[in-house]
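Take a look at the letters that make up each chain.
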Amino acid sequence: MPKLITGVGCPYCGSSCDDLEVLVSDDETKVLEVHNSCIIGSNLFHHANDPTRPRLPRQRQPDGSIKEIPYEEAIDYFAKTLLAAKKPLIYGFGSTNCEGMSAIGRIAEKAGAVLDNCATICHGPSFLAMFDNGYPSCTLGEAKNRADVVVFWGCNPMHAHPRHTSRYSIFPRGYFTGKGQMQRTVISVDPRETDTAKLADVHLMLDQGHDYELFDAFRTVLRGHDIPDKVAGIDKETIIKSVDIMKKARFCMIFFGMGCTHTDGRNHNIDAAISMTRDLNDHTKCSIMAMRGHYNIAGPGQVWSWQFGFPYCIDLSKGTHAHMNPGETSSIDLAMRDEVDCFVNVGADAGAHFPIQAVQHLKKHPFIVVDPNFNMASEIADLHIPVRIAGVDEPGVVYRMDNVPIQFKAVLKGLPGVPSDEELFDRVYERMCEITLTQPIWLAAKENRKYPHNTNPMVS
Ligand code: SF4
């Protein structure tokens, strides 16, 4: 009998929907149906059925061909390559669970690596602004239950976070927003007429890259001063009208995305957005939230802040303390300056999403990819190690875009012999300890380990 699993989390976007229902075959090896998800989430679960999913590590041979090798060999290569490198870079982690993120911390510390995540090319500028100016935010539940004015600034959830508007921001009927969409005024700030902009009551089609000026104009109006007739391509009257809507809100919610973090100004745009949020709190209640991309990209910020004190761009090469300085210790900057001599890509695709010059530099050195699937990075890698898919055949904790932790389930049994990220990293760490004849820290204390294949004589 097929089995219906309810309360399933979707391991795709930062909405981290946890209301999916997945029908699986009676032997729990195949996804038959996915209910409640958007098409992206549905595709992700069905993709787990793909019979061509890699089941063994694949290593590039001297003649350029690829050969499958046993896990033990891959783990040995991984450990030795990291130990031989002077400054390895370990990057990714948008798409894995917090258990894996925690386990890689031990490896990074032992290797003296730089540890970075996808925030470095995504909401990293938002972190910089938060360090400077704070983060007056809330949870998505508060937005759903209270927000009667919703601003989407430089983001397009209808495409990037498809169920965001139906679960949290526009359509749901909340405790104080019982009429759902009827009770909400939606403002979209975007140079394009996106599908989100089409839903909005007001669309400010600003000149691309002029967000900072527009934030400034909003703040100037909020403080009762005059502005020019046009700012960033938007009429004065439209700006005044929009500010008025936001001021008169009972609860104003501002969501922002790559339109602010990837355009001129970057962190300064977010800085201005946070200041505007603070200004609005002189008149009403207002919160701001980054539209985090991957379902658990908030995870490394949480886990590594707890482990090392910093959310991303963490340089552990000093051996005694962690150091963070985006611009100096960020993945792209390190790659462009050719400052790293080994690259490990985990749960992300640097091959597809890094600038080509950065990839060309990284490719000069050992290039290891840990990913359940084939992708551009795996195809140019020296070693590709398949792992389980977090949220599909491996459970774990994830942090939603509002930093709310959610326990994701596994719906499938998982491919035989394929480890989780956590198990793989623990085995690599153990191997590094064996090679360096050192006592593993933390690992011995993991009494409830799910995989008791201790091969290290140093572990009692
Ligand atoms: S909105 Fe995002 S988390 Fe929700 S089902 Fe779609 S892809 Fe998955």
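The rules behind each value
Residues numbered from 1 in each chain as written. Predicted model: local features only at pLDDT ≥ 70, side-chain atom pairs only at ≥ 80, totals over all residues. Heavy atoms only, no water. Disulfide = S-S within 2.5 Å. Buried < 20%, exposed > 50% of the residue type's maximum accessible area, 1.4 Å probe, protein only. Near = heavy atom within 4 Å. Nonpolar A, V, L, I, M, F, W, Y, C, P; charged D, E, K, R; others polar. Helix = DSSP H or I, 4+ residues; strand = E, 2+ residues; numbered from the N terminus. Polar contact = N/O pair within 3.5 Å; in protein donor to acceptor, adjacent residues only side chain to side chain. Contact = heavy atoms within 4.5 Å. Pairing = 2+ DSSP bridges. Axes fitted to C-alpha atoms, helices over the stretch in contact; angles between N-to-C directions. Parallel < 35°, antiparallel > 145°, perpendicular 65-115°, else oblique. Left-handed = near helix turned anticlockwise from the far one by under 90°. Expected span 1.5 Å × (residues − 1). Arc of directions from axis to C-beta.

*Asks:* Can you walk me through the state of the cysteines in this structure?
*Replies:* Two cysteines joined by a covalent bond between their sulfur atoms form a disulfide. A full pass over the atoms with the stated rule returns 0 disulfides. No disulfide involves C98; its sulfur sits 14 Å from the nearest other cysteine sulfur, which is in C118. A relative accessible area of 8% places C98 in the buried class.

*Asks:* How should I be thinking about the site of the ligand in this particular structure?
*Replies:* C10, Y12, C13, S16, C17, S37, C38, G41, P162 and R163 make up every residue found near the ligand. Considered class by class, the residues forming the shell around the ligand number 6 nonpolar, 3 polar and 1 charged.

*Asks:* I tried to follow the side chain of R53 on my own but got confused; where do I start?
*Replies:* Considering the arrangement of structural elements, one finds R53 in the loop between helix 1 (39-47) and strand 4 (58-60). Separated by 2.9 Å, the side chains of R53 and D393 make a polar contact. Once residues within four sequence positions are removed from consideration, R53 is found in contact with H47, A48, P372, N373, I389, D393 and L415.

*Asks:* How do you make sense of the sheet that holds strand 8 (residues 149-153) when you look at a structure like this?
*Replies:* The strands that make up a sheet are held in pairs by hydrogen bonds between backbone atoms, and each pair lies either parallel or antiparallel. Spatially, the 5 strands line up as an open sheet ordered 10-9-8-13-14, and their pairing is parallel. What marks the edges here is a single partner per strand, and that holds for strand 10 (202-204) and strand 14 (285-290). Within the sheet, the average angular offset between the axes of one strand and its neighbour, ignoring direction, is 15°. When strand 9 (residues 185-189) meets strand 10, the two strands line up parallel, connected through 3 bridges.

*Asks:* I would appreciate a short explanation of helix 13 (residues 298-308) in the present structure.
*Replies:* Each turn of an α-helix holds 3.6 residues, which means side chains three or four residues apart point in the same direction. With 8 of 11 residues buried, helix 13 lies mostly within the body of the structure. For helix 13, the set of buried residues is A298, G299, P300, G301, V303, W304, Q307 and F308. G309 sits one or two positions beyond helix 13 and adopts a positive phi of about 95°.

*Asks:* Which parts of the structure should I look at to understand the packing of helix 3 (residues 98-111) against helix 18 (residues 421-436)?
*Replies:* Between two packed helices, what matters for the description is the angle formed by their axes and the separation of those axes. Between helix 3 and helix 18, whose axes approach to 8 Å, the crossing angle comes to 20°. Our classification of the angle between helix 3 and helix 18 gives roughly parallel. Seen from above, helix 3 lies across helix 18 with left-handed handedness. Judged by residue contacts, E99, G100, A103, I104, R106, I107, K110 and A111 of helix 3 engage D421, E422, F425, D426, V428, Y429, M432, C433 and T436 from helix 18. The residue inventory of the contact of helix 3 with helix 18, partitioned by class, reads 9 nonpolar, 2 polar and 6 charged.

*Asks:* I keep staring at helix 10 (residues 236-247) and nothing clicks. Help me out?
*Replies:* Along its 12 residues, helix 10 runs 16 Å from first to last C-alpha, staying within 8% of the 16 Å computed at 1.5 Å per residue. By the burial criterion, the buried members of helix 10 are K236, I239, S242, V243 and M246. Buried positions in helix 10, seen along its axis, are confined to an arc of 130° and lie on one side of it.

*Asks:* Explain the environment of A111 here, please?
*Replies:* Of note, A111 is situated in helix 3. Under the relative-accessibility criterion, A111 is labelled buried at 10%. The spacing of A111 and I270 is 159 residues in sequence and 34 Å in space, taken between C-alpha atoms. A111 has contacts with L82, P88 and M432, leaving out every residue within four places of it along the chain.

*Asks:* Help me understand the packing of helix 3 against helix 13 in this model?
*Replies:* At a minimum axis separation of 9 Å, helix 3 and helix 13 run at an interaxial angle of 45°. Here helix 3 lies oblique to helix 13, going by the angle between them. Read as a crossing pair, helix 3 and helix 13 show a hand that is right-handed. Across from C98, M101, S102, I104, G105 and E109 in helix 3, the residues of helix 13 making contact are G299, P300, V303, W304, Q307 and F308. Class assignment for the residues of the contact of helix 3 with helix 13 results in 7 nonpolar, 4 polar and 1 charged.

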